[in-house]
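Residues per chain are reported as follows:
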Amino acid sequence: SVERKGFISLMGSTNMSYLNPKTVTLIGIPGLEHVQFWIGFPFLGVCLVALLGNIFLLIIIHTERSLHQPMYIFLAVLAATDLGLCVTIAPKMLAIFWFGSCSMAFDACLTQLFFIHALQGMESGTLLAMAFDRYVAICDPLRHTSILTPLFIVRIVLMVAIRATVLVGILPILLKRLQLFQSVVIVHSYCEHMAVVKLAAEDVHISKSYGLFVAFAILGFDMIFVLISYILIFQAVFRLPQKEARLKAFNTCTAHIVVFLEFYILAFFSFFSHRFGHVSPYVHILLSTIYLLVPPALNPIIYGVKTKEIRMRIAQIYILKPDTQK
């Protein structure tokens, strides 16, 4: 705690510059240093739920042949992405909260930055792929299997991964080219793009502008097309003659709608508050950390509760074990 306060006072009281720094310092949640130790415990709980839930989801989808369908394959990709986010963020963040391990190699910081934003991009692209799957299943059900073939699914997943990797991969390259920094203290609990950009003592217009472009090229693009998909889905659902058919069609989408809303609402709040907002630093950092860690914990719970096939498989494993051999 004394060490962190020293860094903060150093940051505010001196004009010294840093040339090609080898290490940076993450201070965690500014203003809440005195309670960070205790904040770490609920975050650990959320991470454990996310890890266990997503691993369990991957095992169920892999072992249950009836779940080898496009929707569940995309759900498995989402689970793998969520696992990646937890593994990328949690260890260093908890080390800061519990052990005061604030120092981090600059290259390791850029690596963490890349994986966080690339995995966010993959999660967004996977949500779009899931929306497209629901659109085809409800609006053109007879062609669902002929459109979403295994090869087509593999191509979508590769496109989502390549898009995120290429677009996000340029962010750390632009940051690596910067040489002069006004500070090496990152006011955050993990290496986030804008938090690192703000350290520079050089012109960072290109990095800022490209960061905005990546956000809108991935999150903005995906959100628009997910919304279009659901407008078309709702139009098709409300045209169904029977109430039971409408409810059944709508029920297949509810889990995805909840996940879509939690992801994009938190994402855009975090994004805009960092660039344009006047939110207290500790509020922004708490919410941006929640945005990255809570959806991975909620996603397997939401899909487990709302998806009949997954519920049945869980019941077989835990309640009807003798029947699993049938």
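What counts, and at which threshold
Residues numbered from 1 in each chain as written. Predicted model: local features only at pLDDT ≥ 70, side-chain atom pairs only at ≥ 80, totals over all residues. Heavy atoms only, no water. Helix = DSSP H or I, 4+ residues; strand = E, 2+ residues; numbered from the N terminus. Contact = heavy atoms within 4.5 Å. 1 Å grid on protein atoms, 1.4 Å probe; cavity = no way out; pocket = protein on both sides within 12 Å on 5 of 7 lines; lining within 4 Å. Points joined across faces, edges and corners; volume = space filled by probe spheres on them. Nonpolar A, V, L, I, M, F, W, Y, C, P; charged D, E, K, R; others polar. Pairing = 2+ DSSP bridges. UniProt positions renumbered as here; feature names shortened; annotations may be inferred. Salt bridge = Lys/Arg side-chain N within 4 Å of Asp/Glu carboxyl O. Buried < 20%, exposed > 50% of the residue type's maximum accessible area, 1.4 Å probe, protein only. Axes fitted to C-alpha atoms, helices over the stretch in contact; angles between N-to-C directions. Left-handed = near helix turned anticlockwise from the far one by under 90°. Core = buried A, V, L, I, M, F, W, Y, C linked by side-chain atoms within 4.5 Å.

A. The arrangement of the side chain of Thr-88 in detail. On the secondary structure map, Thr-88 appears in helix H3 (residues 70-99). Leaving out residues up to four positions away in the same chain, Thr-88 has contacts with Gln-112, Phe-115, Ile-116 and Leu-119.

B. Seen up close, the layout of surface pockets. In this structure, the largest pocket occupies an estimated 630 Å³ of space. Surrounding the largest pocket, 21 residues form its lining, Arg-134, Lys-248, Ala-249, Thr-252 and Glu-309 being those nearest its centre. Among the elements of the structure, H3, helix H4 (106-139), helix H9 (243-275) and helix H11 (308-318) are those that each provide at least two residues to the lining of the largest pocket. Broken down by element, the lining of the largest pocket gets its largest block of residues, six residues, from H9. Among the residues forming the lining of the largest pocket, the class breakdown is 10 nonpolar, five polar and six charged. What lines the second largest pocket is a set of 17 residues, and nearest its centre among them are Leu-128, Ala-129, Ile-156, Met-159 and Phe-221. For the lining of the second largest pocket, the elements supplying multiple residues, two or more each, are H4, helix H6 (150-177) and helix H8 (205-238). The residue makeup of the lining of the second largest pocket, split by class, is 12 nonpolar, two polar and three charged.

C. Examining the pairing of strand E2 (residues 23-26) more closely. As paired strands, E2 and strand E3 (residues 103-105) are joined by three bridges and run antiparallel to one another. Looking across to E3, one finds that Val-24 is bridged to Met-104. Summarising the sheet, E2 and strand E5 (residues 185-186) pair through two bridges and their orientation is parallel. Looking across to E5, one finds that Leu-26 is bridged to Ile-186.

D. Representation of the UniProt feature "transmembrane region" (unreviewed entry) in the protein chain. Per the UniProt record, the feature "transmembrane region" (unreviewed entry) sits at residues 37-60, 72-90, 152-175, 212-237, 249-272 and 284-305. Span residues 37-60 is 100% helix and 0% strand, its end C-alpha atoms 35 Å apart. This span, residues 152-175, is 100% helix and 0% strand, and a straight line between its end C-alpha atoms measures 36 Å.

E. Layout of the pattern of salt bridges. This model, assessed by the stated rule, comprises four salt bridges. Among the salt bridges present, the one from Asp-107 reaches Lys-176, with a minimum N-O distance of 2.6 Å. Residue Asp-107 is located in helix H4, and its partner Lys-176 is located in helix H6; the two are separated by 69 residues in the primary sequence. Given a relative accessible area of 43%, Asp-107 falls into the partly exposed group. Here Lys-176 falls in the partly exposed class, since its relative accessible area comes to 45%. For Asp-222, the salt bridge goes to Arg-163, with nearest N and O atoms at 2.7 Å. Within this pair, whereas Asp-222 is found in helix H8, its partner Arg-163 is found in helix H6, the two being separated by 59 residues in sequence.

F. Main features of the packing of H4 against helix H10 (residues 281-306). It is at 12 Å that the axes of H4 and H10 come closest, and there the two elements cross at 35°. Between H4 and H10 lies a crossing of left-handed hand. Here Ile-116, Gln-120, Glu-123 and Met-130 of H4 come into contact with H10, specifically with Tyr-291, Leu-292, Asn-299 and Tyr-303. Split into classes, the residues belonging to the contact of H4 with H10 amount to five nonpolar, two polar and one charged.

G. Examining the nonpolar core more closely. Formed by 96 residues in total, the largest nonpolar core has its most connected members in Leu-75, Ile-89, Ile-186, Cys-191, Val-196 and Tyr-303. No other element matches H4, which puts 16 residues into this core. Not counting the four nearest positions on each side in its chain, Ile-89 is found in contact with Gln-112, Ile-116, Tyr-190, Leu-292 and Leu-293.

H. Expanded view of the packing of helix H2 (residues 36-63) against H10. Here H2 crosses H10 at 35°, and the two axes come no closer than 7 Å. Between H2 and H10 the crossing geometry is left-handed. Taken together, the residues of H10 that come into contact with H2 (itself represented by Phe-43, Val-46, Cys-47, Val-49, Ala-50, Gly-53, Asn-54 and Leu-57) are Leu-286, Thr-289, Ile-290, Leu-293, Val-294, Pro-296, Ala-297, Pro-300 and Ile-301.

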